Amino acid sequence: MSSHEKVDVGAVLAHLGDSVKSFLTTRGIALPVFVGIHTGGVWVAEALHAHCAVAEPLGTLDVSYHRDDVGRTGVRPLKPVRMPASLDNRHVLLIDDVLFTGRTTRAALNELFEYGRPASVSLVVLVERPGREIPVAPDLAGMRLELGPEDRVKLQGPDPMELVISRPNDSLLEEPAR
Amino acid sequence: MSPTQPTLFRLPPAAQCQLDDEGRLRHFLTIEGLPAALLEEILETAQSFHTASDQAARKVPLLRGKTIVNLFFEASTRTRTTFELAAKRLSADVLNLDMATAATTKGESLLDTLRNLEAMHCDMFVVRHHQSGAAHFIVRHVAEHVSVINAGDGRHAHPTQAMLDMFTLRQHFPDFGSITVVIVGDILHSRVARSEIQALRTLGVGEIRVVAPRTLLPREAASLGVVPFKSMEEGLAGAQAVIMLRLQKERMHGSFVPNEAEYYQFYGLTRARVELLAEDGIVMHPGPVNRGVEAESAVVDGPRSVILKQVRNGIAVRMAILSMAMRSHSW
């Protein structure tokens with residue numbers, strides 16, 4: 001038996017937005033650069049960017065050409081990439097929807113450094129779930145979902161933004177730990 | 001190559017071998033037979049690699065660990081160097097073999113050369129050859145994992161040139177259905193013209209005209225889906241783009257063209273003739289340009305000329321083709 005669940009993320013996003021604000025204050029970062037990873041990460045980044053009223057336009061990255069599984073998936077046209085001319089000495093908030101294996105984050109870091117040498121990069125994700133395959137941890141996460149290796153979570157959006165959680169082997173119907 | 005020289009390599013009727021079972025690019029030999037959707041995908045992927053002239057070029061790791069051999073049996077500067085840059089920006093290792101001075105002149109056969117390159121674990125051959133069908137011939141004889149890209153074979157095809165010209169045209173005219181494109185020059189012997197016409201037709205360009213002396217116009221021009229003109233003035237009238245072909249000097253020795261001066265008088269692109277194009281009309285040329293033969297110097301350097309833009313676009317388009325052809329193989 002499998003289960004399928006939809007979760008509205010409005011409240012989580014608002015809470016995460018507040019956390020980002022206090023994170024920036026604590027770190028003394030006055031002029032951050034927000035960068036969202038296509039596709040879901042850009043939606044989350046747009047929300048956080050508006051919430052924190054960041055002056056610098058939102059950056060977007062499509063990391064497809066830096067992924068280690070591109071040989072399997074094939075080369076596809078990229079979604080629009082917008083980045084400041086240089087990230088030299090800037091404090092970057094890298095924003096994604098779900099942190100799972102960490103491979104997307106690695107690919108994004110590789111691509112980020114093509115744009116210069118940032119002063120710092122912090123990772124902000126809407127959802128953190130178990131399953132890391134490389135040593136990556138978020139600086140800020142909106143929520144943590146205790147999912148098994150076969151379970152899937154996907155952000156749908158942008159309006160409304162909803163998490164779709166599917167558990168193909170769910171016979172116990174457990175509530176996810178939040 | 002003189003036009004009477006026999007073609008060594010048999011040409012397959014359509015290039016089915018270019019695609020894998022799932023319809024993805026495996027080799028890139030000719031535009032003929034490729035679906036419009038694939039050509040569109042090449043153009044869109046090229047857009048992803050395209051950087052504005054004021055931006056620094058960025059490398060991507062798509063072909064890391066792959067080895068690409070530029071196998072050029074015929075002289076080339078633009079095509080070879082842009083293929084080399086494209087491969088390097090994809091992080092591939094590149095070997096440039098100038099076959100005119102290589103082992104083949106010591107008597108080694110093409111097949112032996114290929115075997116040796118396979119033994120070095122090369123993954124892709126970019127081939128230019130003076131014989132039509134050379135790239136197809138290599139596809140039939142290389143190991144399964146090797147991809148072959150045609151960088152110009154005899155009078156047959158120059159598909160990457162055609163795609164970079166489509167990319168350049170798109171930048172100026174996103175709606176192909178409403179434009180008229182004119183190709184001027186040696187249509188008969190030109191692999192560029194052949195590939196351009198196939199690409200323009202596949203992508204649904206409104207009208208394709210060719211302007212050439214009768215001796216340089218293929219007899220089957222009408223069946224190519226093009227409208228032939230003998231007069232430049234009539235051919236250029238109101239067109240959005242003119243693609244000038246290089247007048248190959250070797251043709252001068254035959255009876256095809258009387259002499260350069262007379263050719264220029266009838267078919268040279270002068271400033272006055274450029275004014276016959278549509279207001280936003282552009283001038284294209286695959287290079288190298290014979291100034292004062294195909295076109296007036298002031299036109300080549302003029303505001304309508306996109307010749308150097310074509311060269312720059314060649315890098316992004318070749319990056320798209322190299323990465324798409326390579327992906328079909330095990331990684």
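Just so it is clear, the model here is predicted, and its values are computed rather than measured.

Caption draft 1: Main features of the overall build of chain B. The helix and strand inventory of chain B stands at eleven helices and nine strands. Expressed as a percentage of its 331 residues, the buried residues of chain B come to 48%. Nonlocal contacts in chain B, meaning residues at least 24 apart in sequence, comprise 76% of its contacts between residues at least 6 apart.

Caption draft 2: The arrangement of the pairing of strand β3 (residues 124–129) of chain B in detail. All names here are of chain B. Counting buried positions over the six residues of β3 gives six, a clear majority of the element. Burial of β3 is two-sided: the residues M124, V126 and R128 facing one way and the residues F125, V127 and H129 facing the other way are all buried. Here strand β1 (residues 67–72) pairs with β3 via five bridges, running parallel. If you follow I68 over to β3, its bridge partner there is M124. Judged from the five bridges that link them, β3 and strand β4 (residues 147–153) form a sheet pairing that is parallel. Within β4, the residue paired with V126 across the bridge is I149. In the classification by handedness, the crossover that spans β3, the intervening helix α4 (residues 134–141) and the parallel β4 is right-handed.

Caption draft 3: Summary view of the sheet that holds β3 of chain B. Residues and elements named next belong to chain B. Strand order in this open sheet of four strands is β2-β1-β3-β4, and the pairing throughout is parallel. Two strands bound the open sheet, and with one partner strand each, they are β2 (93–98) and β4. Averaged over all adjacent pairs, the angle separating strand axes in this sheet is 15 degrees, with direction ignored.

Caption draft 4: Layout of the domain arrangement of chain B. Residues and elements named next belong to chain B. Splitting chain B by domain gives domain 1 (16–157 + 312–326) and domain 2 (159–310). Each of domain 1 and domain 2 has a C-alpha centre, and the two are 25 Å apart. Across the boundary between the two partners, domain 1 contributes 27 residues, which contact 21 residues of domain 2. Of all the secondary-structure elements, those providing two or more residues to the side of domain 1 that touches domain 2 are α1 (36–49), β4 and α11 (307–326). Ranked by residue count, the leading element in the side of domain 1 that touches domain 2 is α11, at six residues. When its residues are assigned to classes, the side of domain 1 that touches domain 2 shows 14 nonpolar, seven polar and six charged.

Caption draft 5: Structural context of the packing of α1 of chain B against α11 of chain B. Residue and element names in this part refer to chain B. α11 packs onto α1 with a crossing angle of 115 degrees between their chain directions and a minimal axis gap of 8 Å. For α1 against α11, the interelement crossing comes out right-handed. Between α1, through I42, T45, A46 and F49, and α11, the contact on the second element is made entirely by A316, V317, M319, A320, I321 and M324. Each residue belonging to the contact of α1 with α11 can be placed in one class, and the counts come to nine nonpolar, one polar and no charged.

Caption draft 6: Region of the structure containing the environment of R24 of chain B. Looking at the element boundaries, R24 of chain B is found in the segment before α1. Counting along the chain gives 14 residues from R24 of chain B to L38 of chain B, while the straight-line C-alpha distance between them is 8.0 Å.

Caption draft 7: Broad picture of the environment of H141 of chain B. Residues and elements named next belong to chain B. Within the fold, H141 resides in helix α4. Taking the C-alpha atoms as reference points, H141 and I183, 42 residues apart in sequence, are found 35 Å from one another. Setting aside chain neighbours within four positions, we find H141 in contact with L111 and L114.

Caption draft 8: Spotlight on the pairing of strand β6 (residues 207–211) of chain B. Residue and element names in this part refer to chain B. Two elements, strand β5 (residues 180–184) and β6, share five bridges in a ladder whose sense is parallel. Its bridge partner lying in β6, T180 is registered against E207. Read from β5 through helix α6 (residues 191–202) to β6, the crossover connection turns out right-handed. With three bridges joining them, β6 and strand β7 (residues 227–229) adopt parallel strand pairing. Considered in β7, the bridge of V211 is made with F229.

Caption draft 9: Looking closely at the sheet that holds strand β9 (residues 282–284) of chain B. Residues and elements named next belong to chain B. The strand order β7-β6-β5-β8-β9 describes an open sheet built from five strands, whose pairing is parallel. The outermost strands of the open sheet, each flanked by one partner alone, are β7 and β9. Across the sheet, the axes of successive neighbouring strands diverge by a mean angle of 20 degrees, strand direction being ignored.

Caption draft 10: Representation of the environment of L277 of chain B within the structure. Residue and element names in this part refer to chain B. As for its position among the elements, L277 is in the loop between α9 (271–274) and β9. C-alpha separation for the pair L277 and R318, spaced 41 residues apart in sequence, amounts to 29 Å. Ignoring any residue separated from it by four or fewer positions in sequence, one finds L277 in contact with L236, A239 and V242.

Caption draft 11: Just the nonpolar core, in detail. Formed by 102 residues in total, the largest nonpolar core has its most connected members in F125, V242 and L322 of chain B. Residues from two domains meet in this core; each of domain 1 (16–157 + 312–326) and domain 2 (159–310) of chain B gives at least three. Apart from residues no more than four positions distant in its own chain, L322 of chain B is found in contact with L63, I68, A86, A87, L90, M124 and I149 of chain B. V33, I37, A47 and A141 of chain A belong to the second largest nonpolar core, which has 39 residues in total.

What counts, and at which threshold
- Residues numbered from 1 in each chain as written.
- Chains lettered and ligands numbered in written order.
- Predicted model: local features only at pLDDT ≥ 70, side-chain atom pairs only at ≥ 80, totals over all residues.
- Helix = DSSP H or I, 4+ residues; strand = E, 2+ residues; numbered from the N terminus.
- Buried ≥ 20, exposed ≤ 12 C-beta atoms within 10 Å, placed from the backbone.
- Contact = placed C-beta atoms within 7 Å.
- Pairing = 2+ DSSP bridges.
- Right-handed = clockwise from strand over helix to strand, strands pointing away.
- Axes fitted to C-alpha atoms, helices over the stretch in contact; angles between N-to-C directions.
- Domains from an automatic or database assignment.
- Nonpolar A, V, L, I, M, F, W, Y, C, P; charged D, E, K, R; others polar.
- Left-handed = near helix turned anticlockwise from the far one by under 90°.
- Core = buried A, V, L, I, M, F, W, Y, C linked by C-beta atoms within 7 Å.

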